[in-house]
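Here is what each chain is made of, one letter per residue.
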Amino acid sequence: MTTSELLSARAEVAALDDHGVADALDGLVDGSGYWSGKGALAGIERTGRWLAGTWEPAAPDGGPGTAGEGSWTRFVGRVGAVALRAAVEPTRDERRRRLLALLEIWADGPFAGPAFPMRTGLVRVAKDAPAAVRDERGAAVAVGWAAGGLRTFLDARTGEAAPPSLGTVEEAADVPRGGWGGAERVRRLVDLVRERGPVPWDPDAVALLRDGTGMGRAAASFALAGMLAGGRLPRLDDRERRIHRLKVAEIEDGVREPGRMRSADRLELLADVLPDDPAELWEPRGMSTVAERLAHAWRARYGRRTVVPERTFATVIDLHLPRLSAGRFCAALTDHPSIRGLGSNLDTWIQNSDFRPFPTAGGWDLVDFEDTLHTVVPNLFRVYAELPAGDPVRAGVPGLVAALRRRLDHPGLLLDAGRLSRTVGRTVADVRDRFGPHPYDGPEPLDVESADDGLTVVVDGTVDRRGDRSQPALYFRPAFYGDDDRSRTLLAARASSRYDPDIELVEWLRGPVCARIAARIEDAPLPPGAYEANPVLCAPGTVERAAGRLGVDEDAAALYLQLLALPAPSDRNVRTWNGWKAARHQKAAAVLAERGLAVEDKRARAGRGLFLPGEWIHAGKPYQPMEAWKAALLGVRRSCNGRLENPLPLPTRTLPELFAEAWRLAEEGRGPSA
């Protein structure tokens, strides 16, 4: 095929037809790497003309060319998602131009309200098979490559009989023929955008969508802009950030909130949210109507989360969570029955893989359960301490703890216990005397040796290309874990690692400290809006003793206890927790500085100007720098370089107990000193 034959019939489309199409369609198509070359928009246009019978390749076996890996075929019946993104103000102009060009192609071809039935799917083709075929029955065309030597195809039936095929059809599905995207409606939207400019952004519509779904503000803003991208969104420029009114941390969190939503899911969600008459978008409530329709579509698919206060959302974003967005974190606490893996018991089994056998529940349920276990549980103390009484996320702690305990008591649950210690053995055969002669008995035979004593499953490692075998993996059933010989055998056999905390988390969830924290949230008589991190409210006796011994007023005593015990008593946090204005805070700080109980200074990432005397330990993000004395009190470990580059350990005390212990040490002369 010659270069001229590859060009679109529209010169203006050919000029836009480059790798920028991938960014314009990001999140709505798959396989972004396939879109890096030229030819995408022209390939879509020629494919439509081929199916309609208005274009012929010069070479008999030549096809119209591909666009990406072919997932654009899902736009048939769902092109409203593309139209939404093309119309709204936040979309960059260079992307908007490509989206509008695609919509014009769409309106002029057979895809907008197809006049004849179409199918898409996977076909197994011979090595030298043509890329496109057509006869009196219709036409078929290969639109991209798929795994395993298959090709994605699109066909059209123009007669009564089945259309011609490119090979053996492995799977096929009819494409939708209804929906928002009729040709006249698409043309009208394109003309209006070019005539009036993009639809002005409406923050009130974002708030409406947030309240209607329980999404975070950032995720709601992206959804309303048609920019849901499932974890990969091109970095927003200054103009886009101003329009969305989002900070960088909010942007990064909002991108992650849709979780494992696929591009097909995003298309379905956004396909029919635009009004029948596109001109209504420019009316005063135009975007609010879109938000209402989008909220309805979201609730129909995913339900409605509890709406949490903006301050709460910001607090959770500041936790810098590695595995969950702030929205999913909050939902685990406010709506845990709806979270996969939390609402009902999990039956898991060990399955083979190329890497090593691992537990699964056959879907995402176990992954979501482990995300909650590893992300929410280590941060429960901060939820308890840094959110106010009456906050829905804080109030959800006891319910989540109870649900997790129920899941852990289910005999069918298997969790990761880490690796076998090299000092114990290097294969399952080395530990038969510890874990018994019985292999693991699951739905499928394992490819490697195993041992199962009812609590622990030991699975041999796999051999890599160099012939090296990895250490055996350990899995355990928390329902049978406790104070018995099998549990002690497991603990003695596992390699020590802070990267395999499942056993520690299980012990803590079942332990007395977790129970006391949950009880404080349920039973402590804090007024609504008050914080447990204020010792005047949660430990008044300790504040009274400290004030008397130090000879200071209540405010100074409370601030001193907060400096002693809390990981991050920044100026902003202290004023929030205590309900203080700046002047009151500064007065209490001045008293402590005058008495030599604290020193005034400026230190990186501290967010405060008052510190305990003594050594200060720096920390790399996202970890918290703090005084060495406090780090020892809290049990925070230093890294080999002396910095605090480890997460806060699971708590060993409630806040009243922590304030009391910090004061006891200070009162006994073991407090911080220069």
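For the structure given in this document, a descriptive report is provided here.

Glancing now at the overall build of the protein. For the protein, the count of helices and strands is 30 helices and 15 strands. With the principal axes as the frame, the protein shows a C-alpha extent of 95 × 70 × 40 Å. Counting across all 674 residues of the protein, residues that qualify as buried make up 55%. The average position of the 90 basic charges and that of the 94 acidic charges among the side chains of the protein differ by 4 Å.

Strand order in this open sheet of 4 strands is E8-E11-E10-E9, and the pairing throughout is antiparallel. Two strands in the sheet have a free side with no partner beyond their single neighbour: strand E8 (415-419) and strand E9 (450-452). Neighbour-to-neighbour, the strand axes of this sheet turn through a mean angle of 20°, independent of strand direction. The strands that helix H21 (residues 485-493) touches are E8, strand E10 (456-459) and strand E11 (473-476); relative to E11, the one it contacts most, it runs at about 150°. Against the sheet, helix H22 (residues 502-509) makes contact with E8 and E11, and its axis sits at roughly 130° relative to E8, the strand it touches most.

What follows concerns the packing of aromatic side chains. The full count for this structure, using the stated rule, is 8 aromatic pairs. Joined through ring pairs, the aromatic side chains of Trp72, Phe75, Trp106 and Phe111 make up one cluster. Taking NZ or CZ as reference, Arg151 lies 4.0 Å from the ring centre of Trp145, over its face.

In total, this model carries 0 disulfides according to the counting rule given. As a non-bridged cysteine, Cys538 has Cys514 as the owner of its nearest cysteine sulfur, 18 Å distant.

To continue, consider the packing of helix H6 (residues 93-108) against helix H7 (residues 183-196). Where H6 contacts H7, the axes come no closer than 9 Å and their chain directions differ by 150°. Taken together, the axes of H6 and H7 lie roughly antiparallel to each other. Seen along the crossing, H6 lies across H7 with a hand that is left-handed. Of the residues in H7, those touching H6 at Arg96, Leu100, Ala101, Leu103, Glu104, Ala107 and Asp108 are Ala183, Val186, Arg187, Leu189, Val190, Val193 and Arg194.

Moving on to the sheet that holds strand E4 (residues 150-157). Sheet strands pair via backbone hydrogen bonds, and the direction of the pair is either parallel or antiparallel. Taken in spatial order, the 5 strands of this open sheet run E2-E3-E4-E1-E5, and their pairing is antiparallel. Each edge of the open sheet is held by one strand with a lone partner, namely strand E2 (132-135) and strand E5 (168-174). Strand-to-strand twist in this sheet, taken as the mean axis angle between neighbours without regard to direction, amounts to 20°. Bridge count between strand E1 (residues 118-124) and E5: 6 bridges; the pairing is antiparallel. Across the sheet, Gly121 pairs through a bridge with Ala172, a residue of E5.

Looking now at the side chain of Thr542. Looking at the secondary structure, you find Thr542 in helix H25 (residues 540-550). At 3.3 Å, the side chain of Thr542 forms a polar contact with the side chain of Arg545. In this structure Thr542 touches Leu561, Phe659, Ala660 and Trp663, once residues within four positions along its chain are discounted.

Turning next to the layout of surface pockets. The gaps of empty space that remain are located by a probe, the size of a water molecule, rolled over the atoms. Counted as a void, the second largest pocket has a volume near 630 Å³. Along the walls of the second largest pocket sit 24 residues, with Tyr302, Arg305, Arg328, Ile339 and Arg340 positioned nearest its centre. Elements represented by at least two residues in the lining of the second largest pocket include exactly helix H13 (286-302), helix H15 (326-334) and helix H16 (365-376). Classifying every residue of the lining of the second largest pocket gives 9 nonpolar, 5 polar and 10 charged.

This brings us to unusual backbone geometry. Trans peptide bonds make up the majority, and among non-glycine residues the majority have a negative phi. The omega torsion of the bond from Lys621 to Pro622 falls at 5°, within 30 degrees of zero and hence cis. In this fold, Pro622 is placed in the loop between strand E14 (616-617) and strand E15 (626-627). In the Ramachandran plot, His320 falls in the positive-phi region, its phi being about 55° despite a non-glycine side chain. Looking at where His320 falls in the secondary structure, it is placed in the loop between helix H14 (310-317) and H15.

Attention shifts here to the nonpolar core. In this structure, Leu333, Phe369, Phe476, Tyr560, Leu592 and Leu655 are the most contacted members of the largest nonpolar core, which totals 104 residues. Considering every element that reaches this core, the biggest residue donor is helix H26 (residues 554-565), with 8 residues. Not counting chain neighbours up to four residues away, the residues in contact with Phe369 comprise Arg340, Gly341, Leu342, Leu346, Leu404, Arg407, Leu408, Leu413 and Leu415. Counting residues in each nonpolar core, the second largest holds 89 residues, with Ala40, Phe75, Ala81 and Leu274 among its members.

Here we come to H6. Taking 1.5 Å per residue, 16 residues should reach 22 Å; H6 reaches 23 Å between its end C-alpha atoms and fits that length. Along H6, the residues classified as buried are Arg95, Arg96, Arg98, Leu99, Leu100, Ala101, Leu102, Leu103, Ile105, Trp106 and Ala107.

Quick look at the pattern of salt bridges now. For the structure on display, the rule yields 50 salt bridges. Here Glu668 ties to Arg664 by a salt bridge, and the two come within 3.1 Å at their closest N and O atoms. Its relative accessible area of 47% is what places Glu668 among the partly exposed residues. Look at the salt bridges and you will find they share partners, linking Arg260, Arg323, Arg328, Arg340, Asp368 and Asp371 into a network.

Cut-off values and rules
- Residues numbered from 1 in each chain as written.
- Predicted model: local features only at pLDDT ≥ 70, side-chain atom pairs only at ≥ 80, totals over all residues.
- Heavy atoms only, no water.
- Helix = DSSP H or I, 4+ residues; strand = E, 2+ residues; numbered from the N terminus.
- Buried < 20%, exposed > 50% of the residue type's maximum accessible area, 1.4 Å probe, protein only.
- Lys, Arg positive; Asp, Glu negative; His and termini not counted.
- Charge placed at Lys NZ, Arg CZ, Asp CG, Glu CD.
- Pairing = 2+ DSSP bridges.
- Axes fitted to C-alpha atoms, helices over the stretch in contact; angles between N-to-C directions.
- Contact = heavy atoms within 4.5 Å.
- Phe/Tyr/Trp six-rings, centres within 6.5 Å; stacked < 30°, edge-to-face > 60°.
- Lys NZ or Arg CZ within 6 Å of the ring centre and 35° of its normal.
- Disulfide = S-S within 2.5 Å.
- Parallel < 35°, antiparallel > 145°, perpendicular 65-115°, else oblique.
- Left-handed = near helix turned anticlockwise from the far one by under 90°.
- Polar contact = N/O pair within 3.5 Å; in protein donor to acceptor, adjacent residues only side chain to side chain.
- 1 Å grid on protein atoms, 1.4 Å probe; cavity = no way out; pocket = protein on both sides within 12 Å on 5 of 7 lines; lining within 4 Å.
- Points joined across faces, edges and corners; volume = space filled by probe spheres on them.
- Nonpolar A, V, L, I, M, F, W, Y, C, P; charged D, E, K, R; others polar.
- Core = buried A, V, L, I, M, F, W, Y, C linked by side-chain atoms within 4.5 Å.
- Expected span 1.5 Å × (residues − 1).
- Salt bridge = Lys/Arg side-chain N within 4 Å of Asp/Glu carboxyl O.

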